[in-house]
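# Chains, contacts and geometry: an overview
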Amino acid sequence: MMKHRQNVFAINWMEVEALVNAKHDNPHHILGIHECLNDVYVNVFIPDAKIVKIVDIESGKEYALVSDRVKDFYSVKIKDKGRFDYLVKVKFEDGKEESFVDPYVFEPIIDPIDVSLFNEGEHYEIYDKLGAHPMEVDGVKGTLFALWAPNAERVSVVGNFNSWNGKRYQMRKIDYSGIFELFIPGDFVGEIYKYEVASKKGDVFMKADPYGFSSEVRPANASIVTDLTYKWGDDKFMAERDKKKILEKPMNVYEVHLGSWKRPLDGREFFNYREIAEKLSEYMISMGYTHAELMPIMEHPYDPSWGYQVTGYYAPTSRYGSPEDFMYFVDYMHKKGLGVIIDWVPAHFPKDEHGLGRFDGTALYEHEDPRRGEHPHWGTYIFNYARNEVRNFLVANALYWADKYHVDGIRMDAVASMLYLDYGRGDGQWIPNKFGGNENLEAIEFIRELNTKMNELFPGVIMIAEESTAWPMMTHPIEEGGLGFDFKWNMGWMNDFLNYMKQDPLYRKYHHQELTFSMVYAYSEKFVLVLSHDEVVHEKASMIEKMPGGYEDKFSNLRTAYGYMMTHPGRKLLFMGQEFAQMKEWNESSELDWSLFEFDAHRYLHEYVKDLNKFYDSEPALYELDNDPEGFMWINANDANHSILSFERRGKNEKDTLLVVLNFTPVDSKNYKLAVPSAGKWKEVFSSDAAKYGGDGRNNKTAKQSKVGKVDGRSNYISVNIPGLSMSVFKKVRTK
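Residues numbered from 1 in each chain as written. Predicted model: local features only at pLDDT ≥ 70, side-chain atom pairs only at ≥ 80, totals over all residues. Heavy atoms only, no water.

## Observations regarding the overall build of the chain
Just so we agree on the cut-off: Put simply, DSSP marks the helices as runs of H or I at least four residues long and the strands as runs of E at least two long, and each gets a number from the N terminus on. Think of it in three bands: with a 1.4 Å probe and only protein chains considered, a residue is buried below 20% of the maximum accessible area for its type, exposed above 50%, and partly exposed in between. By definition, residues are in contact when any of their heavy atoms lie within 4.5 Å. Shrake-Rupley sampling with a 1.4 Å probe provides the accessible areas, and residues are treated as covered by the protein chains on show and by no other component. By the counting rule applied here, Lys and Arg register as positive and Asp and Glu as negative, while His and the ends of each chain are not counted. Charged side chains are reduced to one point each, which is NZ for Lys, CZ for Arg, CG for Asp and CD for Glu.
Check the secondary structure of the chain and you find 16 helices and 36 strands. Projected onto the principal axes, the alpha-carbon positions of the chain cover approximately 110 × 60 × 45 Å. Within the chain, the proportion of its 736 residues that are buried is 62%. A separation of at least 24 residues holds for 72% of the contacts in the chain among residues at least 6 apart in sequence. Carbon and sulfur atoms make up 49% of the accessible area of the chain, which amounts to about 29,200 Å² in all. Of the charged side chains in the chain, 88 are positive and 112 negative; the average position of the first set lies 5 Å away from that of the second.

Set out below in structure tokens:
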């Protein structure tokens, strides 16, 4: 059944003393079964044991072990007998009894090749080795616990199964690796556990498993032994998923915080992942969204962090259920044709005692020097991207979510803070790179490595950067000097546009450039236009409350704003609640204010966003050439005095061309001469001023025949009415 070592053995009592004092980093050297000439020793160390026996599994013969020199260390020498398989039977001082296969008879399980790849930073499935893994070894079922803690003096697995006593399951340190491991026979699935770490300074503390697949619900924070087996049903979706097609398809993202989108009425704090999947998918399909982007669902201890201070990078938060439940969530969304993007936070991590900080008593995952290792404003640690094993932890983590959970995209948070060594720091508070610059060279290489491996191993997964500066070539190929992301959040557009929309319409003409400047750089990257959660918190006001004017004007402004967003080049993202004009800022502690549907204005806006989404999805001109300058042309970008914009959106086929005109003042513009690219009849196909959206119905009722005349450099134009605070779209009428 079990493989055994072949060394000659004698008890080393100094080792026993180290074991008793929980300072041994290789307990297998003294515990288990060991040969001594023609005899064998069997040694066990079990705190609080009263009687210890072993049973020869083949013959059934029992042997009593004695503890006559060191308390809790039991030994027996069996003469004229070779190695054999046995069970340990223990009666404890409190009367409890246990029978188990000895954990200390097994050879190292983690292969030297795995160790080498990990230490080199190139083990992209390290999550299958480190952590807690139910498995069978030499015919024995149990769980392998494995942890990287190179500077620890001793590490133990602790849990209810050993009364949280760090002396009971001390782990073996694998030579030249920094990895501790222990295979413990028995059924541990569902058991909570931690690692008790003894530092070389003498400190002893508890840590959750960095590679743990599940965690207790906060405020408890132990890891949970988890079997990730799941029968997926999304084969068709996965087979058809193609990153290249995404660049030519509509991508309309609904950003969601799972805990506060909707909440149960039965007294529970949250819906389960399974319940949310069914409710959210139905809603998203009805609204015309293509992807859900989930604010971080990795385990985190503090609700108001919204998940951006992660303690369990490999664990979906238990707030909403188990890992299997989250697999069901993604699987269900896929079956409904919806993609799932997750927020991911490799820029920093919190200082919670059970987390990654000072993990083995030293700055292991972070830099020792706070000028490199701490965020001065966030109170968090920064990952040490130069350390192979840390970089491997992060790269493998992103791949893990694609592998085990079939996610379709990863949005990387706070990329700017990773790229710049002086991010959020003043003079003397940061250390330049080896060339004297402020670029974080190690972080850059980490990002490139991740995007390369994701594209290689999971080519259907899109990588999105949330990056707030003008760092060049974010979405350009790595071989051309870029960082290799597929998309970048367009923070510049968002900031300029929201600042413009906040202005009183009388003064918008003085801010006209804020409306048009985004097209200067629109094709420098592949962008996602975002109106995200960050814009409706911390006294920034909800989207509707950002709008100027009285009650009705606010809604007219918001319809116009969304109209511009949906017709401007770039993929789209809107945060939950803004599609029906939530009045209050978002608060993670309560669900969205769905009661607003009692009011006409909110229902009308909701219907408008729904129709706008579906219009975007149905018109190739709004997405096919999103990243090609041929897909956009200004008609008139300079009518600042009237705050009117007009432009063309084009698809691959000329017949798909759309004309878009927006009026950002409440003043109607009648008989407005709108230049057209070709002669013919042009019909208004969408208007934000339609009565069903809460507008005044001042839209153009009939198709407009073009007239000959020079307008904005074109030879033909149509006369149209442009209602105040509105967006209108025209399309050429095709004759047979």
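## With respect to the environment of Pro103
When you line up the elements, Pro103 lands in the loop between strand S7 (97–101) and helix H2 (112–119). Residues Pro103 and Tyr169, 66 residues apart in the sequence, show an inter-C-alpha distance of 8.3 Å. Residue contacts for Pro103: discarding those within four places in its chain leaves His28, Tyr169, Leu182, Phe183, Ile184 and Pro185.

## Topic: the sheet that holds strand S35 (residues 714–722)
Spelled out, the test is: Strands are labelled as partners when DSSP assigns at least two bridges between them. Only the stretch in contact is used when a helix axis is fitted, and all axes are lines through C-alpha atoms; the angle between N-to-C directions ranges over 0 to 180 degrees.
The three strands are arranged S31-S35-S34 in an open sheet whose pairing can be described as antiparallel. Only two strands of the sheet have a single partner each, and these edge strands are strand S31 (669–676) and strand S34 (707–711). The average angle at which neighbouring strand axes cross in this sheet is 55°, direction not considered. As judged from the six bridges shared by S31 and S35, these two strands associate in the antiparallel manner. Bridging from a neighbouring strand, Ser669 pairs with Ile722 of S35.

## A word on the packing of H2 against helix H9 (residues 388–405)
Note the threshold: Here the angle decides the label: under 35 degrees means roughly parallel, over 145 means roughly antiparallel, 65 to 115 means roughly perpendicular, and every other value means oblique.
Taken N-terminus to C-terminus, the directions of H2 and H9 make an angle of 100°; their axes are 8 Å apart at the nearest point. Here H2 lies roughly perpendicular to H9, going by the angle between them. Of the residues in H9, those touching H2 at Leu117, Phe118 and Asn119 are Asn388, Glu389 and Asn392.

## Overview of the sheet that holds strand S27 (residues 571–575)
Reading around the barrel, the eight strands line up as S16-S17-S20-S23-S24-S25-S26-S27 and close back on themselves, with parallel pairing between neighbours. Across the sheet, the mean angle from the axis of one strand to that of its neighbour is 25°, orientation sign disregarded. Bridge count between strand S24 (residues 462–465) and strand S25 (residues 487–489): two bridges; the pairing is parallel. Within S25, the position partnered with Ala465 by the bridge is Lys488.

## Some thoughts on the nonpolar core
Condition: Definition used in this section: a nonpolar core is a set of buried Ala, Val, Leu, Ile, Met, Phe, Trp, Tyr and Cys residues joined via side-chain atoms within 4.5 Å.
Membership of the largest hydrophobic core comes to 219 residues, with the highest contact counts inside it found for Leu280, Phe329 and Tyr365. Per element, the largest residue contribution to this core is 11 residues, and it comes from H9. Apart from residues lying up to four places away in sequence, Phe329 is in contact with Leu258, Tyr273, Ile276, Ala277, Leu280, Leu294 and Val340.

## Examining empty space enclosed by the protein
Cut-off, in case you're wondering: The way it works is a 1 Å grid over only the protein atoms, where trapped points that fit a 1.4 Å probe form a cavity and open points with protein on both sides within 12 Å along at least five of seven lines form a pocket, and then any residue with an atom within 4 Å of a point lines it. Grid points are joined across faces, edges and corners, and a volume is the space filled by probe spheres set on the points. Residue classes follow a fixed rule: Ala, Val, Leu, Ile, Met, Phe, Trp, Tyr, Cys and Pro count as nonpolar, while Asp, Glu, Lys and Arg count as charged, and any other residue, Gly among them, counts as polar.
Summed over the entire model, instances satisfying the criterion amount to five cavities of 30 Å³ or more. If you add up the space inside the largest cavity, you get close to 100 Å³. As for the largest cavity, its lining consists of 13 residues, and the residues nearest its centre are Arg372, Ile382, Ser417, Tyr420 and Leu421. Contributions of two or more residues to the lining of the largest cavity are made by helix H8 (370–373) and helix H10 (415–419). Classifying every residue of the lining of the largest cavity by side-chain character gives six nonpolar, four polar and three charged.

## Some thoughts on helix H16 (residues 600–618)
Formally: Take the number of residues in a helix, subtract one, and multiply by 1.5 Å to get its expected span.
With 19 residues, H16 should cover 27 Å at 1.5 Å per step; its first-to-last C-alpha distance of 27 Å lies within 8% of that length. What H16 keeps buried is the set Ala601, His602, Leu605, His606, Tyr608, Val609, Lys610, Asp611, Leu612, Asn613, Phe615 and Tyr616.

## Side note on the pattern of salt bridges
Condition: What makes a salt bridge here is a side-chain nitrogen of Lys or Arg within 4 Å of a carboxyl oxygen of Asp or Glu, nothing more.
Tallied over the full model, the rule gives 49 salt bridges. Two residues, Glu445 and Arg448, come together in a salt bridge whose shortest N-O distance is 3.3 Å. Taken as a pair, Glu445 and Arg448 lie in helix H11 (residues 441–457) at a separation of three residues, close to a single helical turn. Relative accessible area serves as the criterion here: at 21%, Arg448 is assigned to the partly exposed category. In this structure, the salt-bridge partner of Lys610 is Glu607, at a minimum N-O distance of 3.8 Å. One end of the pair, Lys610, and the other, Glu607, are both in helix H16, three residues apart, so they sit about a helical turn from each other. One connected set of salt bridges, linked through shared partners, spans Arg218, Glu269, Glu299, Asp303 and Arg319.

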